[in-house]
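Observations on chain architecture
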Amino acid sequence: MPHLTSAGTARRTGGADQLGFGVPGYAHPLLAPTEWAELTRPGTHLHWAVLNIDSGPGARPDPHCLEAAGRLRNARERALDGETAQDIVRAGGGRLLGHLDLAHGDRPFDELITDAQSFLDWYLVDGFYLDRCPADRADLPAVRRLTGTLDTLLEDGLLVLGHGTHPYPGYAETADQLVTFSGAWTDYRWSQVAEWTAAYPPGRFAHFVHGVPRTHLDEAMRIARWQGAGTIFFTDRTVRRGSKGQTDPFTALPGYWDEIVSRIGPGISE
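Residues numbered from 1 in each chain as written. Predicted model: local features only at pLDDT ≥ 70, side-chain atom pairs only at ≥ 80, totals over all residues. Heavy atoms only, no water.

1. Examining the layout of surface pockets
Applicable threshold: We place a 1 Å grid over just the protein atoms. Points where a 1.4 Å probe fits but has no way out form a cavity, open points with protein on both sides within 12 Å along at least 5 of 7 lines form a pocket, and any residue with an atom within 4 Å of a point lines it. Grid points are joined across faces, edges and corners, and a volume is the space filled by probe spheres set on the points. The numbering of helices and of strands both runs from the N terminus, where a helix is a DSSP run of H or I of at least 4 residues and a strand a run of E of at least 2. Under the grouping applied here, Gly and all other residues not named as nonpolar or charged are polar, the nonpolar ones being Ala, Val, Leu, Ile, Met, Phe, Trp, Tyr, Cys and Pro and the charged ones Asp, Glu, Lys and Arg.
Its volume calculated, the largest pocket comes out at about 710 Å³. In terms of lining, the largest pocket is formed by 30 residues, of which the most central are Asn52, His99, Asp131, Asp248 and Thr251. Residue contributions to the lining of the largest pocket peak at three residues, all from strand S6 (residues 177–184). The residue inventory of the lining of the largest pocket, partitioned by class, reads 11 nonpolar, 15 polar and four charged.

2. Notes on the pattern of salt bridges
Two side chains carrying opposite charge are able to pair once their charged atoms lie near each other. Counted only if it meets this: Salt bridge, as used here, is a side-chain nitrogen of Lys or Arg placed within 4 Å of a carboxyl oxygen of Asp or Glu. To sort residues, take the accessible area from a 1.4 Å probe on protein chains only and compare it with the maximum for the residue type: under 20% means buried, over 50% means exposed, and anything in between is partly exposed.
Scanning the entire structure with this criterion turns up 11 salt bridges. Of the charged contacts in the structure, one is a salt bridge between Arg95 and Asp156, with a shortest N-O distance of 3.9 Å. Taken together, the residues span a long stretch of sequence, with Arg95 in strand S3 (residues 95–101) and Asp156 in the loop between helix H5 (140–153) and strand S5 (158–162) at a distance of 61 residues. Look at Arg95 and you get buried, because its relative accessible area is 13%. What emerges from the salt-bridge pattern is a single network uniting Arg214, Asp218, Glu259 and Arg263.

3. Notes on the side chain of Arg107
As a reminder, the rule being used: Whenever a nitrogen or oxygen atom comes within 3.5 Å of another N or O atom, the pair is scored as a polar contact, on the condition that within protein one atom can donate a hydrogen and the other can accept it, and that pairs from neighbouring residues in sequence are kept only if both atoms are in side chains. Contacts between residues were defined by any pair of non-hydrogen atoms, one from each residue, lying within 4.5 Å.
Take Arg107: it is sitting in the loop between S3 and helix H4 (109–123). At 3.1 Å, the side chain of Arg107 forms a polar contact with the side chain of Asp115. If we skip the residues at most four places from it in the chain, Arg107 touches Asp101, Leu102, Leu112 and Asp115.

See the structure below:
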């Protein structure tokens, strides 16, 4: 279990450390057209978004997903062609990641590589989000083997490990970014950061928090900066359980999307 820092040793990040969005996976573009369209809105400080058709790439190319992927890729290319520094900053993000479900280490290596190749062939993804990634030391060699192979498939790609908690420190050397918190606001506001994360820049960590009230957005952003996270997704939506099971709060836009985009947009700092 990681050591937790005290308030005196926690990382502080200043206004120069720009927060940005990581979208863990909206609903299918046919069901969530507004959500996918918002990712290409000028001024949205998007780091990356996850494409998940059926816990992976699906059995064949999906025309709606092909269209959404193309829009995001075109928006990034337009930003790269911009002349201002802020355009270049925005273009550094906006990457599309294919969703690979590691099932806490139970998915066979060959299946994962097959899914990865399909994402690359069909959707020209810029990297991969490794969901339900193991966090224990014993699973590190297998994850290292997987990320090493994915690196060989990518050209300047991005790998994000979706632990949802602080993993064994060695995982920080196997990917570009780690999701070290994914959960409810009631837990996040009292959370602490693992001591070893202070050795890394904010760009290495991401936090996903649901159930964040609009009135606590500033507090949530302060926590993210204090704990050294550079990528966030905050939403006022919560987990709902119904006849068909749980509803993922991250598959739709938060009710305060416009407000949070303006708060962490270029030039905005606390």
